[in-house]
Amino acid sequence: MSWYSRRRKRSYYYDDYDDFDEDEDDEEEEEDDDDYGYGGYGYRYAYRRKITPVGGIKAQSKRGAFGETWWAKRWISTLESFHIGERLNRGKSYARGGQVLSIDIAKGEIKAKVQGSFAAPYKITIKLKELGAASWRKLTAALGRQAIFAAKLMAGEMPQEIEQIFKDNGLSLFPEKLRDLETNCSCPDWSNPCKHIAAVYFLLAEEFDRDPFLLFKLRGLEREELIAALGKTPGNTIETTAESAAEAELPPEPLAVEAANFWQGGTLPENILGEVRIPPVNAALLKRLGNFPFWRGEETFSEAMDSIYSKASTEGLKAL
Amino acid sequence: MIILHAGFQEKHLLLWGETAPSEAETKTKPARASQKKSAKPAKLIYDLGDDGLLSALSELFSGIEIEKSEFEKVTVWLPTVDGQVLASNVLIAEPPESKSPPTLAPWTVTALPMATVEAIELLSLCVDKAMLSPGVIVGWDLAFWATAMRFAGAMTARQQFLPSVVKEDGAYHARWLPVFVGQDAERLQKLAQAMPHVCRAMSADSAIPPTIAAASLLSEFVGLIVDHLARVDREHQTKSKNSFNSLHDQWLNALRTMSSELTGKESELSQFAAQSRNWRRPIEITTSSPFRLSFRLEEPAESKQETAKSLSRAATASKNGWHVRYLLQAADDPSLLIDVADAWNAKAKKSKILQRPNFNAREYLLSSLGLAASINPQIEQSLKSSEPAGYELDATGAFDFLQEKAWLLEQSGFNVLLPAWWTRKGTKLRLSARANVKSPKLQGGGSLSLNEIIKFNYQIALGDEVLTLKELEELAKLKMPLVKIRGQWVQLSAEEIQTAIEFWKKKATGKASVRQLVHMSLGVGGATKSVKGIAFEGVNADGWIGDLLAQLDGRKAFKELQPTEKFSGTLRPYQTRGYSWLSFLSEIGFGACLADDMGLGKTVQTLALIQRDWQANDAKNRRPVLLVCPMSVMGNWQKEAARFTPNLPVMIHHGLTRAKGAAFRKEAARQALVISSYSLLHRDLGILEGVNWQGVILDEAQNIKNAETKQSKAARSLKSDYRIALTGTPVENNVGDLWSVMEFLNPGFLGTQAEFKRNFFLPIQTQRDEQATAQLKRLTSPFILRRLKTDKTIINDLPEKMEMKTFCNLTKEQASLYAAVAEDAGKSLEESEGIQRKGLVLATLMKLKQVCNHPAQFLGDNSAIPGRSGKLARLTEMLEEVLSANERALVFTQFTEMGDIIQRHLQETFGHEVLFLHGGVTKKNRDRMVERFQRNTAGSPQIFILSLKAGGTGLNLTAANHVFHFDRWWNPAVENQATDRAFRIGQQRNVQVHKFLCAGTLEEKIDEMIERKSEIASSIVGAGEGWLTELSTKELKSLFALRADAIGE
């Protein structure tokens, strides 16, 4: 390690004193947990290193920018507008290194826990200003005029025109002004947002990539509420628990007693197996769902799944 | 006889079985269904039990070990009458006679719960099989599970599954869930409808019968198999749970390995389960939907001006006006289609149909349309209205929809309804190129050469109409991908027309050998798939090449030949045609497969061909024909050759004393026909390959249906001018077996085996691809001739009753027993006279006949049946053909013991019930047997064994059109009377009578004696076999002696 880089690091300690000198994603060396002096100053630091937790949420983006979709990028740009300097990069490396232990999203509020250098993780809250019922009424009426908005949202995509609809009503989906947003972290850093908040921000961006409805939720409208607001349609019940819909019991079927049905059964239609081949696009069904929310595994989710699906395909062919 | 069954309960396939109870068991009063609800149900009297299951399984999996404790007593609800359970099959037990209707009652059976991996192994063996091993029948329910397993395999192969977290019995598990979307959902429904109810007849409760829905049980089963197959690291050691850094790591591991359980805090796990459900939600909205979004492409409304003469004017009819309509199709009734326009509005009348529990039409429509929009920009465009229900498109758009978008939508699980004139490969009518060949008429006496090089030019056609350049240019001006020409939609690509025009202007011509032209005309192995981008359709030829092509595909009759004078026999008209056809193909060097029904005389037609070739060549140019057949028919070939072509030198290449090396070559060179067997084909390949055969003929060619076997490879490696395959089973119906036979006949015609699998086998077998089926038929039909007895043209040629002798060989065991008996008798004969001598002769006759029938009959020791009798082997082969043609047969024997042996053997081989009428059968049972046999419906017995005494007279058994005389009663009158059970008033078909004889034994010799003295036979022979005792000792000794040609091994 060069003297220069050592120096450079030290120069940052003031805004970062609680867990000094812990992680620079552009530095490669792992620092030992021992103490060391600095030149002839005879100055020893009781150096504290961030605690690396196991099983934290790991960002799926391995390098570069966070957020693949325009709406996730918009979310990040909000964070960037606070000009918190190097904290932004440290937030990134926190997000990638699994320092964030949990994130819970509720209407208007996000709660998260992030592991820093103290034994107890820091507690973070991010609050967004919820839009009132009247505002939502206006918005859903406007959204209902074109089926494409709801359809795209449900398919995991946010049409850019949605922003305009918010604007037309004098509202905004993304937090624009400081008063739209209230962030808090229990760390001693005076800066708000701190790098812990930034880390949560980055991970949220990945979630928004997958499910743009979360942004609506943060503004106070759940997915089911949006569909209900769009209009009355036949078969109105929306199950809030997906479970019951998927596992709906079929009506009982009594056993036949005559020999043909009882022993022999019906004749099998032709082509009952369907197409038998390895699909051209691997794991297509899974890719429609996207990444698993707040993935904590050591392996990258999509890579692990890709390999399982392609091996399983071959196994399936063997069972024919 | 055993029938294996399987139920499915609590994630396990439970194997159980039925078997006929031993006599001791039947004598004790049969168990009755318990009346008291609380009592444990009575044991099923047909229960196979743990020993039975174990021995059946160890037949299949050698070295299998199962602890007694693994078996369970399970309650199964079965149809029961008056407290007596009904067996699944009469092979187990006849249904009791009762007028009361059956009801369901609980019974206790011994079942083996199988681990998923074991179940997969067992079910894989059951695929498409009626019998697992002799005497072990695959029950319909077990066969059903095998199909369900293959369905799960196909689902896994196409990756229709997602990972999940599921709570089972209080614990959380990582599971792979099959995703039934689109057609898979339909398939699941259809499969469930076909499920035999016994599959779900197991219950934990013996008070009320189970009522679980078939679809629930089936999807649970499919889920189990998919979950198993997707665990790709099954072999891996499971890691200790503590070694995971997160629940997600643990989950991933639990999805890959066999240990699916997740550990951790309940609250954390339940939250995780909910999260995983939410994550899958976008797809579950679709899978749980009782309706399916469908897209229907609708043609423009008919225009009035259809009569225009010019192609282009007729075609300009409509450019716009196409429409894609959005519809909701009910999953449980695919014919129910609701316009999406009605679905948006809760007040619309039709929307009532959409009222289903847990279904929100708007949510489903929005999310489905959102997905469809990402596939098709026009759908996206249509979503800019509040209640989209379809969109308009022009001809270009319609073509794009047909060609690409429809497929993409289908792949994403949507249903697409396309006009009938569209096939997967395009419009039925297409622009095509064909080769136009002009050749002179063949002058008499000139011979054709397939190697002659011929010039031809190309033509462009639309269907049957050849287009002029001007017409092509008109079409090019339209610039439309889809045009309606004379009421039919045709796809035209501008590029295609342009290349056609350019091609034309260059005066496209080509050169090819006649053989290549034949290939081009049939479309052999992609000989010419396209000409400069235009689909190649075939060859248009006149002159002799035209004749040749027309003869090949049956548009024109080939020259009919008469058998040569030296052929001693007459051919029926259809046999003359068959013989001429064989000559025609063999002369031009193509292989032919004669697949006539059994009994139509494949042998004579073949012999006529061999005789003709022999005479056509002068002595110097004569070369032998090699005939390969199963051992069981070698004797028959030899006999038939002696009868029809007595002047041809014939050699049997068989047995330990057969010629080898140079001696064989020298010997074979002198023959017209060398007969050998499949087993020697491979073993003696070295010397067989050394001969340049005139022809190679495979009899019972289904023996080479598997291309990988040594004998198939050996058959393909023989050198000859022509090749012929004979078979009585319809090879053309079994796509899988076709390649090997065709590769022997005409190498390369169907491409390599891998190409064949890709181009024909998979499309036909798994997708019922009509085009592939038609193409395969076009390729093979010139080389397969199959006539059925029932064909109108054949039936008139046939006598109503055909009597044929079937010569069989003895096995080594039979031969040595035979020799011992004969030697014994020879000694005693010298020392006896009078009544004693008479008795001795008759006893010896009896013993020898028994030996010819089966060693087990002679020994009377209840020993093993298969592989010990030449006659029984031949009978089994012939009956297999009878069964595969769905016909019925009578088998007569004079020995009750032999009848028992035949019945047992046939039932264990075919797994079908075989009736046996003998002196011990009561009148009531006899009438019932006759009634069931005569019922002549699917499922009623097809084979009826009768003892000559009990069944020789009186009965009316016209459902049969085959009569087998397994052993002979040397009295034609008695045999004819028996034959007349089938051949009598009421018989609609021709009857074939097969008389079995062991070659080289007394059976053949007595037959010869009767034939020789046919005029006196009826008087001398009189009743029975008494006249034989009048023969001199010398005559008798020669009668009993075994000729060398008797042994078949």
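Residues numbered from 1 in each chain as written. Chains lettered and ligands numbered in written order. Predicted model: local features only at pLDDT ≥ 70, side-chain atom pairs only at ≥ 80, totals over all residues. Heavy atoms only, no water.

Caption draft 1: Region of the structure containing the overall build of chain B. Within chain B, the secondary structure is distributed over 39 helices and 39 strands. In terms of principal-axis extent, the alpha carbons of chain B reach across some 110 × 90 × 60 Å. Across the 1049 residues of chain B, 56% fall into the buried class. Relative to all contacts within chain B whose residues are 6 or more apart in sequence, the contacts with residues 24 or more apart total 74%. (Helix = DSSP H or I, 4+ residues; strand = E, 2+ residues; numbered from the N terminus. Buried < 20%, exposed > 50% of the residue type's maximum accessible area, 1.4 Å probe, protein only. Contact = heavy atoms within 4.5 Å.)

Caption draft 2: Fine view of the overall build of chain A. On a plain count of helices and strands, chain A comes out with 13 helices and four strands. Scored against the burial criterion, the 320 residues of chain A give a buried share of 51%. In chain A, of all internal contacts separated by at least 6 residues, the share reaching a separation of at least 24 is 71%. In the structure as shown, chain A presents an accessible area of about 15300 Å², 50% of it carried by carbon and sulfur atoms. (Areas by Shrake-Rupley, 256 points an atom, 1.4 Å probe, with all protein chains shown as cover.)

Caption draft 3: Fine view of the sheet that holds strand β8 (residues 161–168) of chain B. Residue and element names in this part refer to chain B. One open sheet holds the three strands; their spatial order is β8-β9-β11, and the pairing between them is antiparallel. This sheet does not close on itself; its edge strands, each paired only once, are β8 and β11 (261–262). In this sheet, strand β9 (residues 171–178) lies alongside β8 in antiparallel orientation, the contact comprising eight bridges. Its bridge partner lying in β9, Glu 168 is registered against Ala 171. (Pairing = 2+ DSSP bridges.)

Caption draft 4: Seen up close, the packing of aromatic side chains. Tallying each qualifying case throughout the model produces 48 aromatic pairs over all chains. Looking at A:Arg87, its charged tip hangs above the ring of A:Trp190, at a distance of 4.9 Å from the centre. (Phe/Tyr/Trp six-rings, centres within 6.5 Å; stacked < 30°, edge-to-face > 60°. Lys NZ or Arg CZ within 6 Å of the ring centre and 35° of its normal.)

Caption draft 5: View of the pairing of strand β30 (residues 673–677) of chain B. All names here are of chain B. With five of its five residues buried, β30 lies for the most part within the structure. Both faces of β30 are covered, namely the face carrying Leu 673, Ile 675 and Ser 677 and the face carrying Val 674 and Ser 676. Relative to β30, strand β28 (residues 625–629) runs parallel, the two being bridged by five bridges. Across the sheet, the residue bridging to Cys 629 is Ser 677, located in β30. Two strands pair when backbone bridges link them, and strand β29 (residues 650–652) and β30 are joined in this way by three bridges, in the parallel orientation. Note that in β30 the partner of Ile 652 across the bridge is Ile 675. Once you follow β29 into helix α21 (residues 661–669) and on to β30, the crossover reads as right-handed. (Right-handed = clockwise from strand over helix to strand, strands pointing away.)

Caption draft 6: Spotlight on the sheet that holds strand β31 (residues 693–698) of chain B. All names here are of chain B. Ordered in space as β29-β30-β28-β31-β32-β27-β33, the seven strands form an open sheet in which the pairing is parallel. Both edges of this open sheet fall to β29 and β33 (784–785), since each of them pairs with a single strand only. Note: β28 against β31, four bridges, orientation parallel. Considered in β31, the bridge of Val 625 is made with Gly 695. Its contacts with the sheet place helix α25 (residues 735–745) against β27 (592–594), β31, β32 (720–726) and β33, and it is angled at close to 150 degrees to β32. (Axes fitted to C-alpha atoms, helices over the stretch in contact; angles between N-to-C directions.)

Caption draft 7: Inspection of the pattern of salt bridges at higher detail. All names here are of chain B. All told, the structure shown has 60 salt bridges over all chains when counted by the stated rule. With its nearest N and O atoms 2.8 Å apart, the salt bridge here joins Lys 556 to Asp 547. Using a relative accessible area of 37% as the deciding quantity, one classes Lys 556 as partly exposed. One connected set of salt bridges, linked through shared partners, spans Lys 801, Glu 803, Lys 805, Arg 968, Glu 975, Lys 995 and Asp 1007. (Salt bridge = Lys/Arg side-chain N within 4 Å of Asp/Glu carboxyl O.)

Caption draft 8: Structural detail: a negative patch on the surface. Residues and elements named next belong to chain B. Where like charges cluster on the molecular surface, the negative patch consists of Glu 65, Glu 67, Glu 70, Glu 118 and Glu 121. Following the sequence through the fold, Glu 65 ends up in the loop between α2 (49–60) and β3 (72–81). Its relative accessible area of 75% is what places Glu 65 among the exposed residues. (Patch = residues over 30% accessible without salt bridge, like charges linked within 9 Å, V, L, I, M, F, W, Y side chains within 5 Å. Lys, Arg positive; Asp, Glu negative; His and termini not counted. Charge placed at Lys NZ, Arg CZ, Asp CG, Glu CD.)

Caption draft 9: Geometry of helix α27 (residues 770–780) of chain B. Residues and elements named next belong to chain B. Among the residues of α27, those classed as buried are Ala 772, Leu 776, Leu 779 and Thr 780. Buried residues of α27, viewed axially, fall in a sector of 85 degrees; they line one side. Exposed residues on α27 whose side chains face more than 90 degrees from its buried face are Glu 770 and Lys 777. (Arc of directions from axis to C-beta.)

Caption draft 10: The arrangement of the packing of helix α14 (residues 469–478) of chain B against helix α15 (residues 494–505) of chain B in detail. All names here are of chain B. Their axes nearest at 9 Å, the elements α14 and α15 cross at an angle of 155 degrees. Taken together, α14 and α15 sit at an angle that is classed as roughly antiparallel. By crossing handedness, the relation of α14 to α15 is classed as left-handed. Counted together, Leu 469, Leu 472, Glu 473, Leu 475 and Ala 476 of α14 and Ile 497, Gln 498, Ala 500, Ile 501, Trp 504 and Lys 505 of α15 form the full contact between these two elements. In terms of residue class, the contact of α14 with α15 is built from eight nonpolar, one polar and two charged. (Parallel < 35°, antiparallel > 145°, perpendicular 65-115°, else oblique. Left-handed = near helix turned anticlockwise from the far one by under 90°. Nonpolar A, V, L, I, M, F, W, Y, C, P; charged D, E, K, R; others polar.)

Caption draft 11: Expanded view of helix α7 (residues 247–256) of chain B. The buried count for α7(B) comes to 10 of 10 residues, which makes it a mostly enclosed element. Burial in α7(B) covers these residues: B:Leu247, B:His248, B:Asp249, B:Gln250, B:Trp251, B:Leu252, B:Asn253, B:Ala254, B:Leu255 and B:Arg256. Tucked inside the fold, the buried residues of α7(B) contact α13 (301–318) of chain A together with β8, β9, β11 and α8 (266–287) of chain B. Residue B:Ser246 occupies the N-cap position of α7(B), its side-chain oxygen lying 3.2 Å from the main-chain nitrogen of B:His248. (Polar contact = N/O pair within 3.5 Å; in protein donor to acceptor, adjacent residues only side chain to side chain.)

Caption draft 12: Examining the interface of chain A and chain B more closely. With 93 residues of chain A at the interface, the matching set in chain B holds 106 residues. For the pairing of chain A and chain B, the buried interface totals around 8500 Å² over both sides, and the portion due to carbon and sulfur atoms is 63%. We note a salt bridge from B:Arg256 to A:Glu299, for which the minimum N-O separation is 2.7 Å. Here chain A is connected to chain B by 30 residue pairs in polar contact (both at pLDDT 80 or more). At 12 residues, the largest contribution of residues to the side of chain A that touches chain B is made by α13(A). A breakdown of the residues in the side of chain A that touches chain B according to their chemical character gives 50 nonpolar, 24 polar and 19 charged. (Buried area = accessible area lost by both parts, 1.4 Å probe.)

Caption draft 13: Highlighting the environment of B:Thr790. For B:Thr790, the location among the structural elements is in the loop between β33 and α28 (792–795). In sequence terms B:Thr790 and B:Ile375 are 415 residues apart; their C-alpha atoms lie 54 Å from each other.

Caption draft 14: Main features of the nonpolar core. In this structure, A:Ile103, A:Ile126, A:Val200, A:Leu204, A:Phe216, B:Phe295 and B:Phe401 are the most contacted members of the largest nonpolar core, which totals 223 residues. Looking at which element gives the most residues to this core, the answer is helix α7 (residues 195–210) of chain A, with 10 residues. Residues in contact with B:Phe295, not counting those within four places in the same chain, are B:Val324, B:Arg325, B:Tyr326, B:Ala372, B:Ile379, B:Phe401, B:Leu409, B:Phe414, B:Asn415, B:Val416 and B:Leu417. (Core = buried A, V, L, I, M, F, W, Y, C linked by side-chain atoms within 4.5 Å.)

Caption draft 15: Structural view of the pairing of strand β13 (residues 322–330) of chain B. Residues and elements named next belong to chain B. In terms of residue burial, β13 counts as a mostly covered element, since eight of its nine residues are buried. Bridge count for strand β12 (residues 291–298) against β13 is eight bridges, and the pairing is antiparallel. Across the sheet, the residue bridging to Glu 298 is His 323, located in β13. Here β13 runs beside strand β15 (residues 390–393); their pairing, made up of four bridges, is antiparallel. Bridging across to β15, Trp 322 finds its partner in Leu 393. As paired elements, β13 and strand β14 (residues 333–339) share four bridges and run antiparallel to each other.

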